[in-house]
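Residue-level listing of the chains:
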Amino acid sequence: MPPDCPASFGGDWLSPTDPSYASAISRWAKNAERRAAVVSCPRTPEDVAATIKCARAHGLPLAVRGGGHSTAGASSSAGGVVIDLSVYMRHVRVDTDAKLAYVGGGAVWKDVDEEGMKYGLATVGGTVNHTGVGGLVLGGGFGHLSGEYGFAVDNLHAATIVTASGETVRASAEDNPDLFWAIRGSGCNFGVVTEFQLRMHRQRRTVFAGVVVYPGTVEVLEKVMQVVEGWWRASPERESIIQFLTLGPDGKPACVLALFWNGSEEEGRVHFKPFFDLGPVMDTCTEIPYEQLNGLQNAQVPHGQHYYMKGAFVSAPAFRSASPILSYITSNLDTWKELGVTPTLAFEYIPLGKTMSVPLDTTAYMRAPVVSTLCMMAWRDDDEAERKLEKVRAIANVLVQTLVESDAGVDKGTNTGYGNYLSEEVAADDVTAAVTGEKEKADKSLALFGKHYPRLREIKRKWDPELVWNKWYVVLPATA
Ligand SMILES: Cc1cc2nc3c(=O)[nH]c(=O)nc-3n(C[C@H](O)[C@H](O)[C@H](O)COP(=O)(O)OP(=O)(O)OC[C@H]3O[C@@H](n4cnc5c(N)ncnc54)[C@H](O)[C@@H]3O)c2cc1C
């Protein structure tokens, strides 16, 4: 029996018999859906606190849903209580004098980009604008503006958090600075953020962006990588490139570069001239309103498919890393066809000057001079879901291993990839899994948080000693 709605609760309390329940447990990735006992859609921090107390009183696990993009099920709960912030907590209010955006814990980046640009202001956010502010910021966060303004956590001014005890607190440089340090990079380990205060920056109305597509052959890739490597060495802060090795609509391997220049088309065509000179088979780059920038990739990653994600870091763009991946994609065309899977390896070339310009322990997020890569497998068909997931997981592991082996610059033992690309092997489905898998989980968290892990454990002991928040790379409380 699902627990009854707390008397003071003012939001929606959805049990499995409710008509809205099916959509409430659905996620961007179909395979991340779990059957919760109750989905709570709070309107206020007090509603969040009432939900936490109710779940804890009934001994039920808790999960928090922001934008719902975790493929690992980190915002879902099998048999537990989900706090879904996406229904009533999506507000964005901009204070133009203070250059701050007050953003609800369930907002997505489209909400922020559109509201900000009403005032010519923007901040570092996701490159796919239906992803959530909540998960992205708490896990570190990078985007097209990172070359100019650092990680999303570097632009977090303050947050309102409901903690495991049900207390609502403010975290900022002045208020609860330990908590403020911890939430900037440790995911959902410290509570429910009902509001983020994000620093905004003056942003020109239009930017130059789009994709150039090259045939997916090793010969072409070698030339593309030479140009990318030269561009990376120059590290231009107002630019970014995301490279995709994937299959085109014709089912053939393709090398796609998403280019971004924070300026006009005229300037952008000059800045990226070497890429255009290579003669792409397709060029969609053009000058667009800024608020459309992070929507350009949306069509490639629609809601409601099956997705598997796994990340890894490489030290820099390199042909030696990219070419084995392209070869693997090319030599397994029959497998992709049989499984109905589209494989993609994304290399996210975000210039490092700004992100690496502050002391390494500024935030819990472990900054390093590396490039984030993401292996993503996508498929539509619901048939044989388990078999496909198993196969896809094995393939992704091979691809990521290949990448990691190709790069001597990143320590293999601790190469977890970006924390926000956590795979389902890492996320715990319930408290028992987090606790019984303690040793293994702790090893993975130690690899991700590195020398920040002991400090995080101390802060965890203060704010969540009973491990209520355990769905991400779990931080185990320090023992006395
Ligand atoms: C298509 C796609 C594109 C992406 N692009 C980028 C990118 O450009 N840059 C980047 O940095 N990352 C990117 N990511 C990774 C992204 O940051 C993570 O998937 C992130 O977890 C998404 O957050 P969410 O709120 O949508 O997810 P959810 O599944 O809702 O949440 C993920 C985790 O965050 C927690 N959480 C969410 N909101 C809150 C909150 N308000 N309070 C407390 N905990 C909360 C959840 O409990 C869960 O543990 C991308 C992911 C996808 C799928």
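Residues numbered from 1 in each chain as written. Predicted model: local features only at pLDDT ≥ 70, side-chain atom pairs only at ≥ 80, totals over all residues. Heavy atoms only, no water.

Digging into the site of the ligand
Within the structure, the ligand sits among 34 residues, and Val-64, Gly-68, Ser-75, Thr-127 and Tyr-418 are positioned closest to it. The separation between an oxygen atom of the ligand and a polar main-chain atom of Val-64 is 2.6 Å. At 2.8 Å, a backbone N or O of Ser-70 approaches an oxygen atom of the ligand. In isolation the ligand has 940 Å² of accessible area, and contact with the protein removes 98% of it. For the shell around the ligand, the secondary structure elements donating two or more residues are strand S3 (62-65), helix H4 (133-138) and strand S10 (192-199). A per-element tally of the shell around the ligand places H4 first, with 4 residues. (Near = heavy atom within 4 Å. Polar contact = N/O pair within 3.5 Å; in protein donor to acceptor, adjacent residues only side chain to side chain. Areas by Shrake-Rupley, 256 points an atom, 1.4 Å probe, with all protein chains shown as cover. Helix = DSSP H or I, 4+ residues; strand = E, 2+ residues; numbered from the N terminus.)

Examining the packing of helix H11 (residues 319-331) against helix H13 (residues 385-405)
In contact at an axis separation of 9 Å, H11 and H13 are set at 155° when each is read in the N-to-C sense. Taken together, the axes of H11 and H13 lie roughly antiparallel to each other. In terms of crossing hand, the pair formed by H11 and H13 is right-handed. Contacts between H11 and H13 involve Ser-321, Pro-324, Ile-325 and Tyr-328 from the first element and Ile-395, Val-398, Leu-399, Thr-402 and Leu-403 from the second. (Axes fitted to C-alpha atoms, helices over the stretch in contact; angles between N-to-C directions. Parallel < 35°, antiparallel > 145°, perpendicular 65-115°, else oblique. Left-handed = near helix turned anticlockwise from the far one by under 90°. Contact = heavy atoms within 4.5 Å.)

Comments concerning the sheet that holds strand S4 (residues 81-84)
Strand order in this open sheet of 4 strands is S1-S2-S4-S3, and the pairing throughout is mixed. Of all strands in the sheet, those with a lone pairing partner are strand S1 (12-14) and S3, marking the two edges. On average, adjacent strands in this sheet sit at an angle of 20° to one another, irrespective of strand direction. In this sheet, S4 lies alongside strand S2 (residues 38-41) in parallel orientation, the contact comprising 3 bridges. Note on S4: the bridge partner recorded for Val-39 is Val-82. Contacting S1, S2, S3 and S4, helix H2 (residues 45-57) crosses the sheet at an angle of about 170° to S4. (Pairing = 2+ DSSP bridges.)

Concerning H13
In this model, H13 (21 residues) spans 30 Å end to end at C-alpha, consistent with the 30 Å of a helix rising 1.5 Å per residue. Residues of H13 that are buried include every one of Lys-388, Leu-389, Val-392, Ile-395, Ala-396, Leu-399, Val-400, Leu-403 and Val-404, and no others. (Expected span 1.5 Å × (residues − 1). Buried < 20%, exposed > 50% of the residue type's maximum accessible area, 1.4 Å probe, protein only.)

Here we look at the environment of Met-117
Tracing the backbone through its elements, the reader meets Met-117 in helix H3 (residues 109-117). Residue class for Met-117 comes out buried when judged on its relative accessible area of 3%. Considered as a pair, Met-117 and Arg-205 are 88 residues apart in the sequence and their alpha carbons are 7.6 Å apart. Beyond its immediate chain neighbours, meaning those up to four positions away, Met-117 contacts Ala-122, Gln-203, Arg-204, Arg-205, Tyr-290 and Glu-291.

Quick word on the nonpolar core
If you look at the biggest cluster of nonpolar residues, it comprises 56 residues, and the most contacted ones within it are Val-103, Val-133, Ile-183 and Phe-196. Ranked by residues supplied to this core, first place goes to helix H6 (residues 177-183) with 5 residues. Ignoring sequence-local partners within four residues, the contact set of Ile-183 consists of Leu-138, Leu-156, Ala-159, Ile-161, Ala-171 and Phe-190. Within the second largest apolar cluster, 47 residues are counted, among which are Leu-221, Leu-257, Met-377 and Leu-403. (Core = buried A, V, L, I, M, F, W, Y, C linked by side-chain atoms within 4.5 Å.)

Some words on the domain arrangement of the chain
Note on interface size: it is often stated as the accessible area lost on association of the parts. In terms of domain boundaries, the chain breaks down into domain 1 (12-84), domain 2 (92-202), domain 3 (206-421) and domain 4 (428-480). Relative to domain 4, the C-alpha centre of domain 2 lies at a distance of 23 Å. Both faces considered, domain 2 and domain 4 share a buried interface measuring about 1,500 Å² in area, 70% of it formed by carbon and sulfur atoms. When residues of domain 2 are sorted by the area they lose upon contact with domain 4, Trp-181, Asn-189 and Phe-190 head the list and together hold 43% of the total. One salt bridge connects Asp-178 with Lys-462, and the closest N-O pair in it is separated by 3.0 Å. For the pair domain 2 and domain 4, the number of links is 5 residue pairs in polar contact (both at pLDDT 80 or more). No other element matches the 4 residues that H6 contributes to the side of domain 2 that touches domain 4. The residue inventory of the side of domain 2 that touches domain 4, partitioned by class, reads 9 nonpolar, 8 polar and 2 charged. (Domains from an automatic or database assignment. Buried area = accessible area lost by both parts, 1.4 Å probe. Salt bridge = Lys/Arg side-chain N within 4 Å of Asp/Glu carboxyl O. Nonpolar A, V, L, I, M, F, W, Y, C, P; charged D, E, K, R; others polar.)

Looking at the sheet that holds strand S8 (residues 156-162)
Strands sit in the order S5-S6-S10-S8-S9 across an open sheet of 5 strands; the sheet is antiparallel. The sheet is open, and its two edges are formed by strand S5 (92-95) and strand S9 (168-172), each paired on a single side. Strand-to-strand, the axes of this sheet are offset by a mean angle of 15°, without reference to chain direction. By the bridge criterion, 5 bridges tie strand S6 (residues 100-104) to S10 in an arrangement that is antiparallel. Bridge pairing links Gly-104 to Glu-195 in S10.

Comments concerning unusual backbone geometry
Located in the positive-phi region is Glu-384, a residue other than glycine, with phi close to 50°. Along the chain, Glu-384 turns up in the loop between strand S19 (371-379) and H13.

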